[in-house]
Amino acid sequence: MLKWTWKSVFSQRGTLIGSVLGIACTFILVIFFDAVWRGESEQVVSYPAHMKPDVWVMQSGVGNMHMAMSFVWDWKADKIAKLPGVKQVTPILYLNSIVTSEQNQIFAFIVGLLPDNKRAGPWKLSAGRHIENPLETVIPDVLAKISNLNIADKIHIADKLFTIVGMSSGTYSSANPVLFVPFSDLEDLLASTGTYSYLLVDADEGTRPEVLVQRIRDEVDKVNVLTHEEFINNDYSMAIQMGVEIIVIMTIICSVLAALIVGFTSYSLVIRRRRELAIIKALGVRSINILTSVILQAIIVTSIGFGIAVFFALFILPYTTLLQPQLTLSLSLSSLTHIGMIAFIVAVLGALLPAWHVSRMEAASAYHV
Amino acid sequence: MSIIKASNLTKSFGHDHTAIKAVDNVSISIQAAEIILIMGPSGSGKTTLLSLLGGLLTPSQGNIEIDGVNITALKETALPAIRALKIGFIFQSFNLLDALSVEDNILFPARLRPGGINKARSRASKLIEQLGLQKRSKALPQSLSGGEKQRVAIARALINEPKVILADEPTGNLDSQTGQDVMMLLHDIAHEQGCSVVVVTHDPRIEDIADRILWLEDGKLSDRKHDQHKWCRDPVCGMRIDEWTAEYTLQYSGIKYSFCSQKCLDKFNDHPGQYLSNP
Ligand SMILES: Nc1ncnc2c1ncn2[C@@H]1O[C@H](COP(=O)(O)OP(=O)(O)O)[C@@H](O)[C@H]1O
Ligand SMILES: [Mg+2]
């Protein structure tokens, strides 16, 4: 019976190839959208995730960066810097704003950096240099590519004109590309003085972030103090809500589609083998064994399809970012296993209905086929 | 000793006023090593009766004993084992498993038998030799001729040393010579192994090998008198055909012709003139 199960899958080569390719294609789509979704969700918190201070300090009532506005008096930063267990305090000024180039308008994060603030600036430049003078900016290299911007081009942030001096990598997501400008320029834009937006606090070695959070809360009024983990979680859930719903919907639609195709494929595999299944039944194979065999066949076919999809995902999908630089793909083993498990459940379910038919089929029909 | 004992078998299909009694109060007893032919017009219930005897259908009424076991009293789940071990099935359309080689087709029922496949292997190679299939044992069914396919099916039916072989028109898809050969093989092997053979057929030439001929009409069984033939000749191969039971018939220019097989009928259809001018 096992031999038949195995061999009959491979004997109808045309059918097998059709089924396998159909399944492979839908899984490629699912894996693709899942990867886009994961990539995008990692990317929306890319800036705070890379800064990774032990503790974030911001205006009380504010808990994240995305779509937020925060002001903290500068003397509070000095006060925190003097607390025991604090290694350094890095202030940044921050604004959500529209960036206007000749080609388009983009919503972006603008981060204002004090002179010689390397701690909170871009972590990798792919072209140009860091900002050194007033009205200079570093923009994400992906943004430059899709907006067709080059070094020395000018862009508007609110009503100020900035010159692009550098391009940074890893700072783009469709929901929030991050641009860096001099602190004083952003101060002008915000019409503020003597304030910061966020304080990135690094702890001394041996001081636990939680302890430091409590210490700052005790000593400084009217600020919100969070560990890095808390801050990132807040920011992540906020950003996901705002930016990537569409991708989630696409992933769900594709998953449902894949489920239908896998289910339908295993259904039609059984229907096509009905004659042989009747013979096998007449010869005295028990229904439970026929059922197992049919489900096994569905699993074999789905595995092959899924295998092809995984191969494709690992070796071909990464190249799509060459064509579409604004896409950030993240393939993870755990999400592949996740999709794989769902595939098998669906394959089994898809085979169950026809298998049930077959197990109820009159063995006598072998005399008529 | 009777291997199969069926009493008052009735099988109806459908419900109430649309119900058809395909088999109507049939009692039959088959002895060890007996060869029985069941004949009768199309739709008379032959296939249904065979299916009942083989445990492929459950009767609406009546009892069937196979080798001393009352199978009508068994649970549905116990029937496959009876089929696998006690009965060999042969079908008109051969019903080989396309994906398996000749050898694996023959061995297929052996895997359903406790005690395993190893003993069966030597039996299989003996059967393969006996049926002249040595050169084809690794071939796939699609590359076999009709006669070869039916020989494989016979070997498959015999592999578990069944008490009974049930064959539904085993020669129906074969030309008359091949059909004759296949029946002779079936006859010889059955006698050697001492198993009973029940054959549904339209082929009157098989009558010679039968120990007993049963006549089924409208689901009812009767002994058949030998003068109940209406003989005519197959215009293609010249074989003697009983017009009453002929499966393959054709109206041509107002005259009814009967054929021994689909093959002869097809030949006739291709060039009717050739066979009519030369009777
Ligand atoms: N599964 C079935 N459902 C309904 N009617 C059936 C079924 N099998 C057979 N019959 C009917 O029972 C009668 C006998 O059929 P069958 O045993 O196949 O005849 P035969 O083999 O002698 O040609 C026919 O009228 C046929 O239509
Ligand atoms: Mg029939």
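Computed from a prediction, not measured in an experiment: that's the story for all the values here.

Trainee: How should empty space enclosed by the protein be read in this particular structure?
Mentor: Where empty space is left becomes clear once a probe the size of a water molecule has been rolled over the atoms. In this structure the tally under the stated criterion is five cavities of 30 Å³ or more. Taken as a whole, the largest cavity spans an internal volume of roughly 170 Å³. What lines the largest cavity is a set of 19 residues, and nearest its centre among them are T171(B), G172(B), H202(B), D203(B) and C260(B). When residues in the lining of the largest cavity are grouped by element, the largest group, three residues, is from helix α6 (residues 176–193) of chain B. Per-class residue counts for the lining of the largest cavity are eight nonpolar, seven polar and four charged. Of the domains in this structure, domain 1 (2–223) and domain 2 (231–274) of chain B are the two that each give at least three residues to the lining of the largest cavity. As a volume, the second largest cavity reaches approximately 80 Å³. Every residue lining the second largest cavity is listed: L283(A), R83(B), A84(B), I87(B), G88(B), F89(B), P109(B), R156(B), A157(B) and N160(B). When residues of the lining of the second largest cavity are traced back to their parent elements, those giving at least two are α2 (79–86), β6 (87–90) and α5 (146–158) of chain B. Broken down by element, the residue count for the lining of the second largest cavity peaks at three residues, all from β6(B). Here the residues of the lining of the second largest cavity sort into six nonpolar, two polar and two charged.

Trainee: Which parts of the structure should I look at to understand the packing of helix α11 (residues 287–315) of chain A against helix α13 (residues 333–360) of chain A?
Mentor: Geometrically, a packed helix pair is captured by the angle between its two axes and the distance between the axes. Residue and element names in this part refer to chain A. Running from N to C, α11 and α13 cross one another at 150°; their axes reach a closest spacing of 8 Å. As summarised for this structure, α11 and α13 are arranged roughly antiparallel, according to the angle between their axes. The handedness of the crossing between α11 and α13 comes out as right-handed. Classifying every residue of the contact of α11 with α13 by side-chain character gives 20 nonpolar, five polar and no charged.

Trainee: Sorry if this is basic, but what is going on with the pairing of strand β13 (residues 248–252) of chain B here?
Mentor: Regular strands show a simple pattern: their side chains alternate between the two faces of the sheet. Residue and element names in this part refer to chain B. Alignment of β13 against strand β14 (residues 255–259), held across five bridges, turns out to be antiparallel. Bridge assignment links L250 to a residue of β14, and that residue is Y257. A loop of two residues connects β13 with β14, the two strands running antiparallel in sequence, and S253 in this loop sits at a positive phi of about 50°.

Trainee: What's the story with the site of ligand 1 in this structure? I'm lost.
Mentor: Contacts to ligand 1 come from H368(A), F13(B), A22(B), P41(B), S42(B), G43(B), S44(B), G45(B), K46(B), T47(B) and T48(B). Site remark: ligand 1 is flanked by residues from chains A and B. Interatomic distance of 3.2 Å between a backbone N/O atom of S44(B) and an oxygen atom of ligand 1. With respect to ligand 1, the backbone of K46(B) contributes an N or O atom lying 2.9 Å from an oxygen atom. Computed on the free molecule, ligand 1 has an accessible area of 560 Å², of which 63% lies beneath the protein chains in the complex. No other element matches helix α1 (residues 46–53) of chain B, which puts three residues into the shell around ligand 1. Taken together, the residues that form the shell around ligand 1 break down as three nonpolar, seven polar and one charged.

Trainee: I would appreciate a short explanation of the domain arrangement of chain A in the present structure.
Mentor: It is common to report an interface's size as the accessible area lost on association of the parts. All names here are of chain A. Once the domains are mapped, chain A shows domain 1 (2–43 + 242–367) and domain 2 (61–221). One C-alpha centre belongs to domain 1, the other to domain 2, and the line joining them spans 47 Å. With six residues of domain 1 at the interface, the matching set in domain 2 holds twelve residues. Of the roughly 690 Å² buried between domain 1 and domain 2, counting both surfaces, carbon and sulfur atoms make up 61%. Linking domain 1 with domain 2 are zero salt bridges. Counting across the domain 1 and domain 2 interface gives two residue pairs in polar contact (both at pLDDT 80 or more).

Trainee: Would you mind going over the pairing of β6(B) with me for this structure?
Mentor: Residue and element names in this part refer to chain B. By the alternation rule, side chains of β6 split into I87 and F89 and G88 and I90, which are all buried. Here β6 runs beside strand β7 (residues 164–168); their pairing, made up of four bridges, is parallel. Residue pairing in the sheet places I87 in a bridge with V164 of β7.

Trainee: I'm lost on the sheet that holds strand β8 (residues 196–200) of chain B in this one. Help?
Mentor: Within a sheet, adjacent strands bond to each other through the backbone by hydrogen bonds, running parallel or antiparallel. Residues and elements named next belong to chain B. Judged by pairing direction, the sheet is mixed, and its six strands sit side by side in the order β6-β7-β8-β3-β9-β10 without closing on themselves. Two strands lie at the open edges of the sheet, namely β6 and β10 (220–223), each paired on one side alone. Along the sheet, successive strands turn relative to each other by an average axial angle of 20°, direction set aside. With four bridges connecting them, strand β3 (residues 35–39) and strand β9 (residues 212–217) associate as parallel partners. Across the sheet, the residue bridging to I36 is R212, located in β9. Across the face of the sheet, α1 comes into contact with β3, β6, β7, β8 and β9 while running at roughly 155° to β7. Sheet strands touched by α5: β6 and β7. Its angle to β6, the strand with the most contacts, is close to 165°.

Calculation criteria
Residues numbered from 1 in each chain as written. Chains lettered and ligands numbered in written order. Predicted model: local features only at pLDDT ≥ 70, side-chain atom pairs only at ≥ 80, totals over all residues. Heavy atoms only, no water. 1 Å grid on protein atoms, 1.4 Å probe; cavity = no way out; pocket = protein on both sides within 12 Å on 5 of 7 lines; lining within 4 Å. Points joined across faces, edges and corners; volume = space filled by probe spheres on them. Helix = DSSP H or I, 4+ residues; strand = E, 2+ residues; numbered from the N terminus. Nonpolar A, V, L, I, M, F, W, Y, C, P; charged D, E, K, R; others polar. Domains from an automatic or database assignment. Axes fitted to C-alpha atoms, helices over the stretch in contact; angles between N-to-C directions. Parallel < 35°, antiparallel > 145°, perpendicular 65-115°, else oblique. Left-handed = near helix turned anticlockwise from the far one by under 90°. Pairing = 2+ DSSP bridges. Near = heavy atom within 4 Å. Polar contact = N/O pair within 3.5 Å; in protein donor to acceptor, adjacent residues only side chain to side chain. Areas by Shrake-Rupley, 256 points an atom, 1.4 Å probe, with all protein chains shown as cover. Contact = heavy atoms within 4.5 Å. Buried area = accessible area lost by both parts, 1.4 Å probe. Salt bridge = Lys/Arg side-chain N within 4 Å of Asp/Glu carboxyl O. Buried < 20%, exposed > 50% of the residue type's maximum accessible area, 1.4 Å probe, protein only.

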